[in-house]
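Structural description and commentary
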Amino acid sequence: PRLLVDMDTGEVLFAEEAGQPWHPASLTKLMTAYMAFAAVQAGRITLDTPITISRKAWNQAPSKSGLKVGASITLRDALYVLIVKSANDIAVAIAEAVSGSEGAFVAEMNQMAKAMGLSATSFVDPNGLHADGQVTSARDLAMLALYIRRDYPQYSDMFSTERVRLGKFNHQTNNGLLEHFAGTTGMKTGYICASGLNIVATVERDGRKLLAVVLGGSSAR
């Protein structure tokens, strides 16, 4: 599935199987981030709130932050590690901090998806590790990306950051477009065997802002 959208007009410039159900992999974390931004805006949590790595969070499969059980970082730092490193432990830790439990947070993710009109989307976890019921579509991911840009532009730099330091760990983004494609303003990659390579990318060049979604790529190229 592939989709290209003009971010200013909402016009679809190219679409191929944009409504086909697909596993989002780590693009799930776009919704996890959106929910955290919303929680900050609602006053449920602040960017300085400590996010603690629980045993459940620590038990998630890589990629991970490198933090130990009981360690904590601010939500601000956690969001950078979530987006840049795509850390699966951090996604669960943020979920627990925002909603009290991973399950409650996922329920809120699904409520938000419904409110946004993401009709092909269903979440089972906040990080995108493989679960049969975790589905979305290129169209829904494009809409989610546009909602993030529209509602929370103050966090845009998180999606364009190439590397983030966390203690002795130097985490680098998987989004090669940030380094190699002129005008790239960011967003997110995702990969698991079941989904292939997925990416949501935003580019600004010559006054035009474009949003691309590619799901199921066989190679980064």
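Let me begin by describing the structure that accompanies this report. Remember, it's a predicted structure, so these values are computed and weren't measured experimentally.

1. What to know about the packing of aromatic side chains
Throughout the structure, instances matching the rule amount to five aromatic pairs. Judged by centre distance (6.4 Å) and plane angle (90°), the ring pair of F37 and F159 falls under edge-to-face. One end of the pair, F37, is in helix α1 (residues 28–41); the other, F159, is in helix α7 (residues 156–160), with 122 residues separating them in the sequence. Per residue, the accessibility class of F37 equals that of F159, and both read buried. Clustering of aromatic rings is evident, with ring pairs tying together Y34, F37, Y152, Y155 and F159. Sitting over the ring of W58, K64 keeps its end group 4.6 Å from the ring centre.

2. Quick word on the nonpolar core
M31, F37, L79, I90, I94 and V200 are the most contacted members of the largest nonpolar core, which has 64 residues in total. By residue number, the principal contributor to this core is α1, which donates ten residues. Residues in contact with M31, not counting those within four places in the same chain, are M109, M112, A113, M116, L118, F123 and L144.

3. So, the pattern of salt bridges
Tallying each qualifying case throughout the model produces seven salt bridges. A salt bridge links E16 to R2; the nearest nitrogen and oxygen atoms lie 2.9 Å apart. Of this pair, E16 sits in strand β2 (residues 12–16) while R2 sits in strand β1 (residues 2–6), and the two are 14 residues apart along the sequence. Residue E16 is classed as partly exposed on the basis of its relative accessible area of 34%. Between K56 and E102 there is a salt bridge, with the nearest N and O atoms lying 2.8 Å from each other. On the criterion of sequence distance, the pair formed by K56 in helix α2 (residues 55–58) and E102 in helix α5 (residues 102–116) is long-range, its members being 46 residues apart. E102 sits in the buried class, given a relative accessible area of 11%.

Thresholds applied
Residues numbered from 1 in each chain as written. Predicted model: local features only at pLDDT ≥ 70, side-chain atom pairs only at ≥ 80, totals over all residues. Heavy atoms only, no water. Phe/Tyr/Trp six-rings, centres within 6.5 Å; stacked < 30°, edge-to-face > 60°. Helix = DSSP H or I, 4+ residues; strand = E, 2+ residues; numbered from the N terminus. Buried < 20%, exposed > 50% of the residue type's maximum accessible area, 1.4 Å probe, protein only. Lys NZ or Arg CZ within 6 Å of the ring centre and 35° of its normal. Core = buried A, V, L, I, M, F, W, Y, C linked by side-chain atoms within 4.5 Å. Contact = heavy atoms within 4.5 Å. Salt bridge = Lys/Arg side-chain N within 4 Å of Asp/Glu carboxyl O.

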